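Given next are the chains, with one letter for each unit.
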Amino acid sequence: MSSHIPIHGNYHGYYAKRPSPHLSDTRLRLLPAGTFTNATVLDVGCNEGWVTCEIGLNGHDELAPEAQVYGAAKVVGVDIDESLVEAAWRRRRAVWSLQAPPTTSTTTLHPTEPRAAAEPNISDSPPKKKRKRTVPKNTPTTQAPVPPATQQHDADPVPDLPARAYFPASCLHEFGPQPIPPSIKGEVQGERGSGRGKTAFPHNVSFRAADWTATDIPEDKAGYDVIVVFSLTKWIHLHALDTGLTAFFQKLHRVLRPGGTLVLEPQPWESYTKARRMSPTLKENYSKLLLRPEGFGEVLREVGFAGPVRMGCGGEGGFERPVHVYTKL
Ligand SMILES: C[S@@+](CC[C@H](N)C(=O)[O-])C[C@H]1O[C@@H](n2cnc3c(N)ncnc32)[C@H](O)[C@@H]1O
């Protein structure tokens, strides 16, 4: 995207700016246990993919047995901003790189193994594009490249990894992001280390760049068990007005499977005031809005959802927002 003004809420470094970025997402922790287990999940407005990756983590961690394991079978993150989607793919690889090593014999490389053994990830990666050089010209060739996520832009810190990371983030500096071994066809999800099937992390996590309000992505066709919409409604509302937001709710209903779950974290109306200043169009659109976040429940029920079940507020330090769960009837 050419504009540096995040008129879609397409903030870079968004997660690093949230309080306690190293912890698992507080909004996810509000949800009933099992919400994502073996589910096919869509994360709309996935930004840099932190939440998407966390939902997809499905290995048991011996070091943190109390940690949440969401264990989705498949998670797709979609975002309107292509550069954020690229960062999301890097995030996926960074999370993968710091997970516990395999407990059974596989070809998985370990961060303490020599970099020279690393093979490029050919089987399971974002769509190939011309790669920018990520290593400074004067870097000795024997040195592992710095993970791209650490040099993407000023706002990008060393990736903070979920509490479930096994290796310290310094391993990424030292050895670079590790290659992801190809998934094994037909293998079912299992404990991390043995689970190399399509439903094991990171193979179960992927990303798409698209304006999801206007474009269907291929995964929409099969539908989803759970859709996560965190801090997105304001941006769709300000761009597409009341009718566009209603159409978005209708699309959520269409692509959810019967009995499916919509997890919604709408931004409060007061937060629209600052956002509208980002562009004359948003300012003009703001003045046309009749619908308020308090009224979203009614629209969603008209569309065919039951709910909401109010899960409480997630986030902290200015990000405290209600998390609501709806069910497709
Ligand atoms: C404020 S961020 C929220 C990120 C994330 N959902 C979270 O709360 O952790 C909103 C994200 O939605 C994305 N977005 C806005 N409009 C979108 C659209 N029409 N389709 C897909 N993504 C969109 C933005 O690029 C941005 O990354």
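Quantities reported herein were computed from a predicted structural model and do not represent experimental measurements.

Chemist: Help me understand the overall build of the protein chain, please; the structure alone is not making it clear to me.
Modeler: In terms of helices and strands, the protein chain carries 9 helices and 7 strands. The 329 residues of the protein chain split such that 40% are buried. Long-range pairs, those at least 24 residues apart, make up 76% of the contacts in the protein chain with a sequence separation of at least 6.

Chemist: Explain the environment of S97 here, please?
Modeler: Within the element layout of this structure, S97 appears in helix 4 (residues 82–97). A count of 26 C-beta atoms within 10 Å places S97 in the buried class. Placed 82 residues apart in sequence, S97 and P179 show a C-alpha to C-alpha distance of 7.8 Å.

Chemist: What's the story with the environment of Y224 in this structure? I'm lost.
Modeler: Secondary-structure assignment places Y224 in strand 4 (residues 224–230). The buried category is assigned to Y224, around which 25 C-beta atoms lie within 10 Å. Distance in space between the C-alpha atoms of Y224 and A39 is 7.7 Å, their sequence separation being 185 residues. Beyond its immediate chain neighbours, meaning those up to four positions away, Y224 contacts T40, V41, L42, V255, L256, R257 and G260.

Chemist: Explanation requested: the sheet that holds strand 3 (residues 205–209) in the structure shown.
Modeler: For sheets, the rule is that strands pair by backbone hydrogen bonds, running either parallel or antiparallel. Strand order across the open sheet formed by 7 strands is 3-2-1-4-5-7-6, with mixed pairing between neighbours. Looking at which strands have only one partner, the edges of the open sheet turn out to be strand 3 and strand 6 (305–314). Strand-to-strand twist across the sheet, computed as the mean angle between neighbouring axes with direction ignored, equals 20 degrees. Summarising the sheet, strand 2 (residues 74–79) and strand 3 pair through 5 bridges and their orientation is parallel. Bridged to D79 within strand 3 is A209.

Chemist: Looking at this structure, I do not really get the confidence of the model for the protein chain. What am I missing?
Modeler: Overall, the prediction assigns the protein chain a mean pLDDT of 79, with 69% of residues at 70 or greater. Scored below 50 in pLDDT, residues 104–123 makes 28 contacts in the model with residues more than four places away or belonging to other chains. Within the model, pLDDT remains below 50 along residues 189–193, and this stretch shows 18 contacts once partners closer than five positions in the same chain are excluded.

Chemist: What is the right way to look at the pairing of strand 1 (residues 40–44) in this model?
Modeler: When a strand is regular, its side chains alternate between the sheet's two faces. By the criterion of burial, strand 1 is predominantly enclosed, with 5 of the 5 residues buried. Here strand 1 shows no split at all, with T40, L42 and V44 on one side and V41 and D43 on the other all buried. Judged from the 4 bridges that link them, strand 1 and strand 4 form a sheet pairing that is parallel. Across the sheet, the residue bridging to V44 is V229, located in strand 4.

Chemist: Just checking my understanding: could you explain the site of the ligand for this structure?
Modeler: Near the ligand lie 22 residues; those nearest to it are G9, N10, G45, N47 and F230. Counting only elements with at least two residues in the shell around the ligand, the list comes to strand 2 and helix 6 (233–255). In terms of residue class, the shell around the ligand is built from 12 nonpolar, 7 polar and 3 charged.

Chemist: How should helix 6 be read in this particular structure?
Modeler: Look at helix 6: only 17 Å from first C-alpha to last across 23 residues, short of the 33 Å you get at 1.5 Å a residue. Among all positions in helix 6, only T233, W235, I236, H237, L238, L245, F248, F249, L252 and V255 are buried. If you follow the buried residues of helix 6, they end up packed against strand 4, strand 5 (256–265), helix 7 (272–276), helix 8 (280–288) and helix 9 (296–303).

Chemist: How do you make sense of unusual backbone geometry when you look at a structure like this?
Modeler: Trans is the common state for peptide bonds, and a negative phi is the common state for residues other than glycine. With an omega dihedral of 5 degrees, the bond running from F201 to P202 counts as a cis peptide bond. Inspection of the secondary structure puts P202 in the loop between helix 5 (170–175) and strand 3. Cis rather than trans, the peptide bond between G307 and P308 has omega equal to 10 degrees. Relative to the helices and strands, P308 is located in strand 6. In the Ramachandran plot, L241 falls in the positive-phi region, its phi being about 65 degrees despite a non-glycine side chain. As for its position among the elements, L241 is in helix 6.

Chemist: Is there a simple way to explain the pairing of strand 4 in this structure?
Modeler: Among the 7 residues in strand 4, 7 count as buried, and that is most of the element. Where strand 4 and strand 5 come together, 6 bridges link them in parallel fashion. What sits directly across from V226, in strand 5, is T261. In this fold, the crossover linking strand 4 to strand 5 by way of helix 6 has right-handed handedness.

Chemist: In this structure, what is going on with the environment of T261? I would like to understand it.
Modeler: Summarising the element assignment, T261 is placed in strand 5. Classification of T261 by C-beta neighbours within 10 Å gives buried; the count is 24. For the pair T261 and T327, spaced 66 residues apart in sequence, the C-alpha separation works out to 4.8 Å. Excluding its chain neighbours within four sequence positions, the residues that come into contact with T261 are T35, D225, V226, V325 and T327.

What counts as what
- Residues numbered from 1 in each chain as written.
- Predicted model: local features only at pLDDT ≥ 70, side-chain atom pairs only at ≥ 80, totals over all residues.
- Helix = DSSP H or I, 4+ residues; strand = E, 2+ residues; numbered from the N terminus.
- Buried ≥ 20, exposed ≤ 12 C-beta atoms within 10 Å, placed from the backbone.
- Contact = placed C-beta atoms within 7 Å.
- Pairing = 2+ DSSP bridges.
- Axes fitted to C-alpha atoms, helices over the stretch in contact; angles between N-to-C directions.
- pLDDT = per-residue confidence, 0-100.
- Near = placed C-beta within 6 Å.
- Nonpolar A, V, L, I, M, F, W, Y, C, P; charged D, E, K, R; others polar.
- Expected span 1.5 Å × (residues − 1).
- Right-handed = clockwise from strand over helix to strand, strands pointing away.

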